[in-house]
Amino acid sequence: MSQVSSNFHDGAATGAFFMIAASLAFAGSNLLQSALPTPVEYGGYGMSSTGMAFWQYVIASVLALPLILRIGLGNLRTSHPLAHEIRAFVSALGVHVFVYGFAMGVPIWQMVTLLATGPLFIILGSTLFLGERASSVRIGAALVGFVGAILVSGIGADGLTWSTLIPIAAAALWATTDVLTKYLSKQGESPETLTVSLLVLVTPNHLLILLAVWALGGLTPGLLPAGLADNVFALPGGTALGLLVLLGALTAAAQYLLAVAYKAADATYLQPFGDLKVPLSGLLGWILLSQVPSGWFWPGAALILAASTVIFLVESGRSRTLSVA
């Protein structure tokens, strides 16, 4: 019994360490995703958000090649190729929607915090399409997190705009990715296949989205908003190019750190440590980009973190009980 308990705590500590490191990498990448597409007149670099997302994942994929080869390309064999492709496309589309929010001027603290609506979408998708039954604690925590996101969004305040719905749309897309991951797991797909298929397929899907945006922008000028279709293939120079390479490196590092964390400990246990990217991103945006959070950010973020902590306490308690038994 003591050996089982020791193994649990060792894995939990390792998982928490790497999840916190991943949160730092995500906070750094969010900061760069906010700065690069911001217009030059507002202190940014004016890069197309579509082009930034594409080049970000090209760089990340090159840097992730050792991880892909370590997992093994043989794990790409699957009897569900269409589901894997849809999963990769939805994941890539979520990235483009998310970074476009930065191009629209949504501050980093609001963008990242509104992603906390994701668990509610995951519960809805898993219940409606996978037939899962969510516990009352999980449903309650997700609703509390959603209320926190509503506070952060600024509903009822003068600053509320339609652009605040952009990160919620990204959260819904990424939740769809998670639901598809659950579906494929239930179909017998291994964690190695799920990981390597996403790493291999996500960059071609970013290219597909980039080409679609470029074609629409060329065929129907004025249809797409400025900053989305302008100069999608262009690489920046100077400092902006260095920041773009750093963004790709942080993206690859975050994915690697996540993989190590999830291998060491259960995803439910790790969730509160992952949510640290919310206050970290807000703090970095405040210090480095002068994006001062609204007064509603703090109570909203507190509700989100409290909801994750409740899930952590309940689910980790169950995990310890099962381990001892």
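Residues numbered from 1 in each chain as written. Predicted model: local features only at pLDDT ≥ 70, side-chain atom pairs only at ≥ 80, totals over all residues. Heavy atoms only, no water.

1. Overview of the overall build of the protein chain
Working step 1: When its secondary structure is counted, the protein chain shows 13 helices and 0 strands.
Working step 2: Order of helices (α) and strands (β) in the protein chain, N terminus to C terminus: α-α-α-α-α-α-α-α-α-α-α-α-α.
Working step 3: Counting across all 325 residues of the protein chain, residues that qualify as buried make up 45%.
Working step 4: Contacts in the protein chain between residues at least 24 apart in sequence constitute 83% of all its contacts with a sequence separation of at least 6.
Working step 5: For the protein chain, the exposed area adds up to about 15600 Å²; of that, 70% sits on carbon and sulfur atoms. (Helix = DSSP H or I, 4+ residues; strand = E, 2+ residues; numbered from the N terminus. Buried < 20%, exposed > 50% of the residue type's maximum accessible area, 1.4 Å probe, protein only. Contact = heavy atoms within 4.5 Å. Areas by Shrake-Rupley, 256 points an atom, 1.4 Å probe, with all protein chains shown as cover.)

2. A few points about the nonpolar core
Working step 1: Counting residues in hydrophobic clusters, the biggest one holds 33 residues, and the most contacted among them are Leu36, Met52, Phe98, Val99, Leu244, Leu247 and Phe297.
Working step 2: Of all the secondary-structure elements, those providing two or more residues to this core are helix H1 (2-35), helix H2 (49-63), helix H4 (81-103), helix H5 (108-114), helix H9 (191-219), helix H10 (238-264) and helix H13 (297-324).
Working step 3: Leu247 has contacts with Ser29, Leu32, Gln33, Leu36, Met52 and Gln56, leaving out every residue within four places of it along the chain. (Core = buried A, V, L, I, M, F, W, Y, C linked by side-chain atoms within 4.5 Å.)

3. Here's the deal with the packing of H2 against H4
Working step 1: Relative orientation of the contacting elements H2 and H4 amounts to 130 degrees, with a least axis distance of 9 Å. Relative to H4, the element H2 lies oblique. Taken as a pair, H2 and H4 cross one another with a handedness that is right-handed. Seen from H2, the contacting residues are Ser49, Thr50, Met52, Ala53, Phe54 and Tyr57; seen from H4, they are Val95, His96, Val99, Tyr100 and Ala103.
Working step 2: For the contact of H2 with H4, a count of residues per class yields 8 nonpolar, 3 polar and no charged. (Axes fitted to C-alpha atoms, helices over the stretch in contact; angles between N-to-C directions. Parallel < 35°, antiparallel > 145°, perpendicular 65-115°, else oblique. Left-handed = near helix turned anticlockwise from the far one by under 90°. Nonpolar A, V, L, I, M, F, W, Y, C, P; charged D, E, K, R; others polar.)

4. What to know about helix H12 (residues 277-289)
Working step 1: Among the residues of H12, Val278, Ser281, Gly282 and Gly285 are the ones counted as buried. The buried residues of H12 occupy an angular sector of 100 degrees when the element is viewed end-on, so they sit on one face. What points out from H12, more than 90 degrees from its buried face, is the exposed set Ile287 and Leu288.
Working step 2: Positive phi appears at Ser290, one or two residues downstream of H12, with a value of about 60 degrees. (Arc of directions from axis to C-beta.)

5. Considering a nonpolar patch on the surface
Working step 1: A cluster of nonpolar side chains, Leu283, Trp286, Ile287, Leu288, Val292 and Trp298, forms an exposed patch at the surface whose accessible area comes to about 630 Å².
Working step 2: Per-element accounting of the nonpolar patch gives the leading share, 4 residues, to H12. (Patch = residues over 30% accessible without salt bridge, like charges linked within 9 Å, V, L, I, M, F, W, Y side chains within 5 Å. Salt bridge = Lys/Arg side-chain N within 4 Å of Asp/Glu carboxyl O.)

6. Notes on the environment of Pro279
Working step 1: Mapped onto the fold, Pro279 is located in helix H12.
Working step 2: For Pro279, a relative accessible area of 27% corresponds to the partly exposed category.
Working step 3: In the structure, Pro279 is positioned 23 residues away from Ala302 in sequence and 9.3 Å away in space, judged by C-alpha atoms.
Working step 4: With near-sequence residues (within four places) excluded, Pro279 lies in contact with Phe297 and Leu305.

7. Quick look at the confidence of the model for the protein chain
Working step 1: For the protein chain, per-residue confidence averages 79 on the pLDDT scale, and 82% of positions sit at 70 or higher.
Working step 2: No element of the protein chain has a lower mean pLDDT than helix H11 (residues 267-274), which averages 66, and none a higher one than H4, which averages 91.
Working step 3: For residues 321-325, every residue scores under 50 in pLDDT, and the model assigns this stretch 4 contacts once sequence neighbours within four places are set aside. (pLDDT = per-residue confidence, 0-100.)

8. Here we look at the environment of Leu93
Working step 1: The residue Leu93 is located in helix H4 in this model.
Working step 2: What Leu93 contacts, discounting residues up to four positions off in sequence, is Leu173 and Ile209.

9. Concerning H10
Working step 1: Compared with the 39 Å implied by 1.5 Å per residue over 27 residues, the 40 Å span of H10 between its first and last C-alpha is a close match.
Working step 2: Of all the residues in H10, the buried ones are Ala240, Leu243, Leu244, Leu247, Gly248, Thr251, Ala252, Ala254, Leu257, Leu258 and Ala261. (Expected span 1.5 Å × (residues − 1).)

10. Focus on the packing of helix H6 (residues 118-130) against helix H8 (residues 165-186)
In helix packing, the relevant descriptors are the interaxial angle and the interaxial distance, both defined with respect to the helix axes.
Working step 1: Two numbers describe how H6 lies on H8: the axes approach to 8 Å, and their chain directions differ by 40 degrees. Between H6 and H8, the angle is such that the two are oblique. Seen from above, H6 lies across H8 with right-handed handedness. The segment H6 lies against H8, with Gly118, Phe121, Ile122, Gly125, Ser126 and Leu130 engaging Ile168, Ala171, Ala172, Ala175, Asp178, Val179, Lys182, Tyr183 and Lys186.
Working step 2: Counted by class, the contact of H6 with H8 contains 9 nonpolar, 3 polar and 3 charged residues.

11. What about the packing of aromatic side chains?
Working step 1: Within the structure shown, the criterion is met by 4 aromatic pairs.
Working step 2: Ring geometry for Phe17 and Phe18: centres 5.3 Å apart, planes at 85 degrees, overall edge-to-face.
Working step 3: A residue is classified by how much of its surface remains accessible, and Phe17, at 56% relative accessible area, is exposed.
Working step 4: With a centroid separation of 5.4 Å and 55 degrees between ring planes, the pair formed by Phe98 and Trp174 is classed as tilted. Within this pair, whereas Phe98 is found in helix H4, its partner Trp174 is found in helix H8, the two being separated by 76 residues in sequence.
Working step 5: Accessibility expressed as a relative area gives 3% for Phe98, which makes it buried.
Working step 6: Aromatic ring contacts, followed pair by pair, group Phe98, Phe102 and Trp174 into a single cluster. (Phe/Tyr/Trp six-rings, centres within 6.5 Å; stacked < 30°, edge-to-face > 60°.)

12. Section: the side chain of Ser61
Working step 1: Tracing the sequence through the fold places Ser61 in helix H2.
Working step 2: Here Ser61 falls in the buried class, since its relative accessible area comes to 17%.
Working step 3: A polar side-chain atom of Ser61 sits 2.4 Å from a polar atom in the side chain of Thr203. (Polar contact = N/O pair within 3.5 Å; in protein donor to acceptor, adjacent residues only side chain to side chain.)

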